[in-house]
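# Secondary and tertiary structure notes
If you want the building blocks of each chain, they are given just below.
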Amino acid sequence: YLGVRQVNYNKNKNFEVKAIGGNNGMLTLQINSLKPDTYRIRIYDIQGRERKNELVPCGAGICIKELRLETGAYVYEVSNKSGEKLSQKIIINRQ
């Protein structure tokens, strides 16, 4: 997995996101939440086209979401109801 983090001042955010994997066309996002919330996950391809847009309810703690994507470069954005956002560039490979 290769990634470049967007600069976010996330010291006071109520959640963090980790991308796990990226092989075999599967992207696994791990959301670590301080409180129960509903998160919007948006996936954009390198041309800026939205490929996925899903709402994921999560309790406090760890929430896992798996997404199937074609091989390529993407940017995922995860936001909560308060408007806090985190994003990262990812590469998906099929082996």
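Preceding this section is the structure that the text describes.
Attention in this report is confined to the structure presented alongside it. All figures in this text were calculated on a predicted structure; none of them were measured in a lab.

On to the sheet that holds strand S3 (residues 26-33). Sheet architecture is open: three strands sit in the order S2-S3-S6, paired in antiparallel fashion. Of all strands in the sheet, those bounded by a partner on one side alone are strand S2 (15-21) and strand S6 (61-68). Strand-to-strand twist of the sheet, defined as the mean angle between neighbouring strand axes without regard to direction, takes the value 20°. In this sheet, S6 lies alongside S3 in antiparallel orientation, the contact comprising eight bridges. Looking across to S6, one finds that serine 33 is bridged to glycine 61.

Time to look at the state of the cysteines. This structure, assessed with the given rule, holds one disulfide. Between cysteine 58 and cysteine 63 runs a disulfide, and the two sulfur atoms are separated by 2.4 Å. Across the S-S bond of cysteine 58 and cysteine 63 the torsion is about -65°, and the bridge reads as left-handed. Exposure class is identical for cysteine 58 and cysteine 63. Each is buried.

Cut-offs used in this document
Residues numbered from 1 in each chain as written. Predicted model: local features only at pLDDT ≥ 70, side-chain atom pairs only at ≥ 80, totals over all residues. Heavy atoms only, no water. Pairing = 2+ DSSP bridges. Helix = DSSP H or I, 4+ residues; strand = E, 2+ residues; numbered from the N terminus. Axes fitted to C-alpha atoms, helices over the stretch in contact; angles between N-to-C directions. Disulfide = S-S within 2.5 Å. Buried < 20%, exposed > 50% of the residue type's maximum accessible area, 1.4 Å probe, protein only.

All quantities given are derived from atomic positions and should not be read as evidence of function.
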